[in-house]
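Structure assessment
As a plain string of letters, each chain reads:
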Amino acid sequence: MFCPFVFWLIVKKYLRQQAEKKGKNLKRKILTAVLTITILGGILTGVVTVQAKEVRLTFNCDVAGKKEKSVIDKLLSEYTEKTGILVETVSGEADICIDDFAGVTEQYRKGSIVNLYPYMEKKSSYSRTVSWGETLPEEIREKLQIYKREIPGYPASRSVVRMFCNEDLFEKAGVEIPNTWAEFIEICKQFREQGMTPLIFPEKDSKSPVWQWVMNYLCSQMDLNLADSLDETEDRYVELAEACKGTDKEIIDYTQPQMQVALQCLKELFDLSAGNDMGYEESLKAFAQGETPLIFATSEDDEKLKGEFLRKAVPFPAVTEETSEYAAGKQILAGGDATTFYAVNSMLIDNKERLEAAVDFVRYMTSEKTQEKMAFEAGVLPSVKEITFPEEMKDFKVVEEPLRMAYFTGLDEINQTEIWSFIREYLNDEMDIAVLTERLNQSCQEAAKRIREENGWTLVNNYGMPTTGECTKCAP
């Protein structure tokens, strides 16, 4: 049988000997020999060498804004130039898509999206860190897993909740921006004494985000050990299944004194605020018009809050022992998550070359360099940590510890509506705190039961959580 490799060694030796004798160009002769071997090998073995096909991928970025798409088009050209991989933007089903976390999670559970966890610990050629996953800050990375070792998408942007301050009104009142909750309450009182409404607290309906941010923030500040006791998957974030189990086992209990202190802090703030008949969007307009010195809002609302005054966005004030003996005494992120995620279609699993190309493309589009470009050119707040922030985004750089549990405001929509209804009665002095906490517990227990039955969760199957920590849907 003809062996091209052995034949090539013989020819190479012969050419070297001839080159030494005649002083001719060895490289040219070797190249000629290789071409000869390729042709001869094909003839003798019947194997025809076919040039590899060009790798092409499709990409759905319909959810991106006009400004973002303009930057994305430039990035696609740069990526093709770097790798030779062609990426075409399309509508509808594609090899790669962008969606929010709910969207990629839903598609993953249907089996339509690849689990990216196996790629997270691998080195990315576009990353400045040891592994791809390490480009993300803890407060985002810990929330990515649906279950341990199952990640449906990789984040490319984020939002953060901030307290926005009208610096002109602060200067007029002669007060400083607060660092602690006690200072915050004190300056609110000072604004009131000077005839100003210190804060707008919209309470038009249960979906208003402000009460949810404040409620989750204060409850988290008062019970730091609760999240540890619920976090069975050890990803440092309490998921729905863990919250339901904790409710059933009465680990989450609103009648506990630390929870009552959190609710009392919420009421004190509410009593100092105004705008209680407003919706969230109305409250943003009121701040932009200079009607109040303070508002809680997200980085995504930054443009809507611009007015004819200087303003600053700061983290929520830390709750200290000055307010309560249960206080954490540190700043905790009040809210905000990764907002857009890149996901890979599971149809590519049967084509290893295209799957690897798709994952490579996602790594490129979520890298520090790419997100930095999106920040400077499209105003997109990056989800990665080691980048330079544009000057106008520096207030949104996260310096707080992560919010580890966000279920104090409801386990499902029914529960959330009931919780807000009860809290609203309490805030308006129509219900005392003892009745409130009992009703909160009862509503949460009923919600946990509904969710259990919908998902088939029991103590026996550990509420659907893997007991071994193994992935239930692994990528190849």
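Below, the structure is looked at part by part. Because the structure is predicted, anything quoted here is derived from the model rather than measured.

The rolling of a water-molecule-sized probe over the atoms marks out the regions of remaining empty space. Its boundaries defined by the atoms lining it, the largest pocket holds a volume of some 1,600 Å³. Along its surface, the largest pocket is lined by 47 residues, and Phe101, Tyr237, Asp337, Ala406 and Tyr407 are the ones closest to its centre. Only α4 (101–109), α6 (138–141), α9 (209–222), α11 (240–248), β8 (338–344), α16 (413–427) and α17 (433–455) provide two or more residues apiece to the lining of the largest pocket. In the lining of the largest pocket, the residues fall into 22 nonpolar, 15 polar and 10 charged. If you add up the space inside the second largest pocket, you get close to 630 Å³. Forming the boundary of the second largest pocket are 22 residues, of which Ala378, Gly379, Val380, Leu381 and Met393 lie nearest the centre. Listing elements by their share of the lining of the second largest pocket, those giving two or more residues are α3 (66–83), β4 (154–158), β8 and α15 (368–378). With 4 residues, α15 is the largest single contributor of residues to the lining of the second largest pocket.

Turning our attention to the packing of aromatic side chains. The full count for this structure, using the stated rule, is 19 aromatic pairs. Ring plane angle 45 degrees and centroid distance 5.2 Å describe the contact between phenylalanine 101 and phenylalanine 341, whose orientation is recorded as tilted. Placement of the pair is phenylalanine 101 in helix α4 and phenylalanine 341 in strand β8, with a sequence separation of 240 residues. Given a relative accessible area of 26%, phenylalanine 101 falls into the partly exposed group. Among the aromatic residues, those joined into a cluster by ring pairs are Phe59, Tyr79, Tyr126, Tyr342, Phe361 and Tyr364.

So, on to the sheet that holds strand β7 (residues 311–314). Across the sheet, 3 strands lie side by side as β6-β5-β7; this open sheet has antiparallel pairing. Looking at which strands have only one partner, the edges of the open sheet turn out to be β6 (294–298) and β7. Put simply, the sheet's adjacent strands are angled 30 degrees from each other on average, direction ignored. By the bridge criterion, 4 bridges tie strand β5 (residues 161–166) to β7 in an arrangement that is antiparallel. Across the sheet, residue methionine 163 finds its bridge partner in β7, namely valine 314. Relative to β6, helix α13 (residues 280–288) is tilted by about 125 degrees, and along the sheet it contacts β5, β6 and β7.

Under the counting rule described, the total for this entry stands at 3 cavities of 30 Å³ or more. There is about 130 Å³ of room inside the largest cavity. Glu68, Ala156, Thr340, Tyr342 and Met374 are, among the 14 residues lining the largest cavity, the residues nearest its centre.

Following the sequence through the fold, alanine 338 ends up in strand β8. When residues no more than four places from it in sequence are discounted, the contact partners of alanine 338 are Ile140, Pro155, Ser157 and Arg158.

Right, let's talk about the pattern of salt bridges for a bit. Between side chains of opposite charge, pairing is possible as soon as their charged atoms come close. Under the criterion given, the structure shown has 23 salt bridges. A salt bridge links glutamate 139 to arginine 158, with the nearest nitrogen and oxygen atoms 2.7 Å apart. In this pair, glutamate 139 is assigned in helix α6 and arginine 158 in strand β4, connecting sequence segments 19 residues apart. Through salt bridges with shared partners, a single network forms among Asp228, Asp231 and Arg404.

Time to look at the state of the cysteines. Summed over the entire model, instances satisfying the criterion amount to 0 disulfides. Of all cysteine sulfurs in the structure, the one in cysteine 265 sits closest to cysteine 219, which takes part in no disulfide; the separation is 9.8 Å.

Counted at 1.5 Å a residue, the expected span for α17 with its 23 residues is 33 Å, and the 33 Å between its end C-alpha atoms agrees. For α17, the full list of buried residues reads Ile433, Leu436, Thr437, Leu440, Asn441, Ser443, Cys444, Ala447, Ala448 and Ile451. Residues of α17 that are buried in the fold lie against α11, α12 (257–272) and α16. Between the side-chain oxygen at the start of α17 and the backbone nitrogen of alanine 434 there is a gap of 3.1 Å, and the oxygen is on aspartate 432. Positioned one or two residues after α17, glycine 456 has a phi angle of 70 degrees, which is positive.

Now for the pairing of β5. Counting buried residues along β5, 6 of its 6 residues qualify, which places the element largely inside the surrounding structure. By the alternation rule, side chains of β5 split into Val161, Met163 and Cys165 and Arg162, Phe164 and Asn166, which are all buried. Bridging between β5 and β6 involves 5 bridges; their strand directions are antiparallel. For phenylalanine 164, the partnering residue across the bridge sits in β6 and is isoleucine 295.

With that settled, the discussion passes to the environment of cysteine 61. Note that cysteine 61 resides in the loop between β1 (56–60) and α3. C-alpha of cysteine 61 to C-alpha of cysteine 97: the two residues are 36 residues apart in sequence and 6.0 Å apart in space.

Calculation rules
- Residues numbered from 1 in each chain as written.
- Predicted model: local features only at pLDDT ≥ 70, side-chain atom pairs only at ≥ 80, totals over all residues.
- Heavy atoms only, no water.
- 1 Å grid on protein atoms, 1.4 Å probe; cavity = no way out; pocket = protein on both sides within 12 Å on 5 of 7 lines; lining within 4 Å.
- Points joined across faces, edges and corners; volume = space filled by probe spheres on them.
- Helix = DSSP H or I, 4+ residues; strand = E, 2+ residues; numbered from the N terminus.
- Nonpolar A, V, L, I, M, F, W, Y, C, P; charged D, E, K, R; others polar.
- Phe/Tyr/Trp six-rings, centres within 6.5 Å; stacked < 30°, edge-to-face > 60°.
- Buried < 20%, exposed > 50% of the residue type's maximum accessible area, 1.4 Å probe, protein only.
- Pairing = 2+ DSSP bridges.
- Axes fitted to C-alpha atoms, helices over the stretch in contact; angles between N-to-C directions.
- Contact = heavy atoms within 4.5 Å.
- Salt bridge = Lys/Arg side-chain N within 4 Å of Asp/Glu carboxyl O.
- Disulfide = S-S within 2.5 Å.
- Expected span 1.5 Å × (residues − 1).
- Polar contact = N/O pair within 3.5 Å; in protein donor to acceptor, adjacent residues only side chain to side chain.

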